[in-house]
Amino acid sequence: MPASTQEKVAQLARVQLFGGVSRPALERIAELVGEIDFSAGDYIVRQGQLGNGLYIILSGTARVVRSGEDLARLGPGDSFGELAVIDRSPRMANVIADGPVTCFGLASWDLLPLLEKEPIIAVNMLRELSSRVRSLAGMHHRH
Amino acid sequence: MDRDDLVDTLAGMALFADLGRVRLQEVAHTFIEDSFSAGQRVLRQGFSGTGFYVILDGQVAVRIDGTDRATLGKGDFFGEMSLLLGEAPVADVVALAPLRVLQLGGPDLESFLKRHPEVMFRMLQSLARRLRTANTRQS
């Protein structure tokens, strides 16, 4: 059975990307996201393809694989796929479901206006990307 | 720099490209103009208490452990990642020639970006590009 708006809001409130977002705004976001189920081995996003949205993992885990190399593992509360929305470029890596995975999908045409209306989401995204740039360059101090 | 000249300069920068004249004037009003001589360090690797900088004129080297990693010029910006993450800069940023910058104090960056989502989106795009470049280099 599909999740109610209140259930969706509760799930969204736990996602780092939406940290600091007001409850009324979360309710609006809940109306925009769709729940998508994947099975073990499914490609949630595929390297090289154009992306039209971002994903938020609700349950299950997935691995990030670029050109055959495992880069990271993602789990509940993690979001991914925002880069292709921001710069309209092809996906940088595959994200493959380890087992059953349930995600929220947020379409780029809903996400982009949301970044203007709820700038805290864009700030959270800037933090996330900054953190990734630093960890890639091997100069992160936090972990 | 004359306020009108400054607004003209800002209008030509990718970071501020989506702002109209009135908003550009607000930007010019919010930031402080500062200058550095060649060889001076603007940011220090490992030291906190920094700001966000936009280059108006001149060039800087991004230097990690004494090795130059990148050169930035007019319209480029730096310092935002440290501020957003609340961490010390991971690089020295050194003026290669007489440098003029616009500077915004650390605590003001987030509220500035929230007031100007268009600028924040440009910043996101720039970070996305950097992330892609870093990824490509690594593989």
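In this report, the structure presented in the accompanying data block is examined. (Residues numbered from 1 in each chain as written. Chains lettered and ligands numbered in written order. Predicted model: local features only at pLDDT ≥ 70, side-chain atom pairs only at ≥ 80, totals over all residues. Heavy atoms only, no water.)

Structural notes on helix H5 (residues 119–136) of chain A
Its 18 residues give H5(A) an end-to-end C-alpha distance of 26 Å, which sits within 8% of 26 Å, the value for a rise of 1.5 Å per residue. Within H5(A), 13 of the 18 residues are buried, leaving the element largely enclosed by the surrounding structure. (Helix = DSSP H or I, 4+ residues; strand = E, 2+ residues; numbered from the N terminus. Expected span 1.5 Å × (residues − 1). Buried < 20%, exposed > 50% of the residue type's maximum accessible area, 1.4 Å probe, protein only.)

Structural notes on the pairing of strand S5 (residues 69–74) of chain A
Residues and elements named next belong to chain A. Two elements, strand S4 (residues 62–66) and S5, share five bridges in a ladder whose sense is antiparallel. Bridged to Val65 within S5 is Asp70. Between S4 and S5, which pair antiparallel and follow one another directly, the connecting turn spans two residues, one of which, Ser67, has a positive phi of 45°. (Pairing = 2+ DSSP bridges.)

Some remarks on the sheet that holds strand S6 (residues 79–80) of chain A
Residues and elements named next belong to chain A. With antiparallel pairing, four strands are arranged side by side in an open sheet as S1-S8-S3-S6. Of all the strands in the sheet, just strand S1 (34–38) and S6 have a single pairing partner and so form its edges. By the bridge criterion, six bridges tie strand S3 (residues 53–59) to strand S8 (residues 101–107) in an arrangement that is antiparallel. When the bridges of S8 are listed, Ile57 appears paired with Cys103. Relative to the sheet, helix H4 (residues 108–117) contacts S3 and S8, its axis offset from that of S8 by approximately 65°. (Contact = heavy atoms within 4.5 Å. Axes fitted to C-alpha atoms, helices over the stretch in contact; angles between N-to-C directions.)

Focus on the side chain of Asn94(A)
Residue and element names in this part refer to chain A. Relative to the elements of secondary structure, Asn94 occurs in strand S7 (residues 94–97). Residue class for Asn94 comes out buried when judged on its relative accessible area of 12%. Within the structure, the side chain of Asn94 is placed 2.8 Å from the backbone nitrogen of Gln47, a separation counted as a polar contact. (Polar contact = N/O pair within 3.5 Å; in protein donor to acceptor, adjacent residues only side chain to side chain.)

Re the interface of chain B and chain A
Taken together, the contacts link 27 residues of chain B with 30 residues of chain A. Between chain B and chain A, a total of about 2,900 Å² is buried, with carbon and sulfur atoms accounting for 69% of that surface. Summed over the three residues of chain B that lose the most area to chain A, namely Leu124(B), Leu131(B) and Arg132(B), the buried surface amounts to 23% of that side. Remark: the boundary between chain B and chain A carries three salt bridges. Listing elements by their share of the side of chain B that touches chain A, those giving two or more residues are helix H3 (80–85), helix H4 (109–115) and helix H5 (117–138) of chain B. The leading source of residues in the side of chain B that touches chain A is H5(B), at 14 residues. Its residues assigned to classes, the side of chain B that touches chain A shows 17 nonpolar, five polar and five charged. (Buried area = accessible area lost by both parts, 1.4 Å probe. Salt bridge = Lys/Arg side-chain N within 4 Å of Asp/Glu carboxyl O. Nonpolar A, V, L, I, M, F, W, Y, C, P; charged D, E, K, R; others polar.)

Here we look at the packing of helix H1 (residues 3–11) of chain B against helix H2 (residues 21–30) of chain B
All names here are of chain B. It is at 9 Å that the axes of H1 and H2 come closest, and there the two elements cross at 110°. Between H1 and H2, the interaxial angle falls into the category roughly perpendicular. As for how H1 packs across H2, the hand of that crossing is right-handed. When H1 is examined against H2, the residues Arg3, Asp4, Leu6, Val7, Asp8, Leu10 and Ala11 are found in contact with a partner set consisting of Arg21, Leu24, Gln25, Val27, Ala28 and His29. Class assignment of the residues belonging to the contact of H1 with H2 gives a composition of seven nonpolar, two polar and four charged. (Parallel < 35°, antiparallel > 145°, perpendicular 65-115°, else oblique. Left-handed = near helix turned anticlockwise from the far one by under 90°.)

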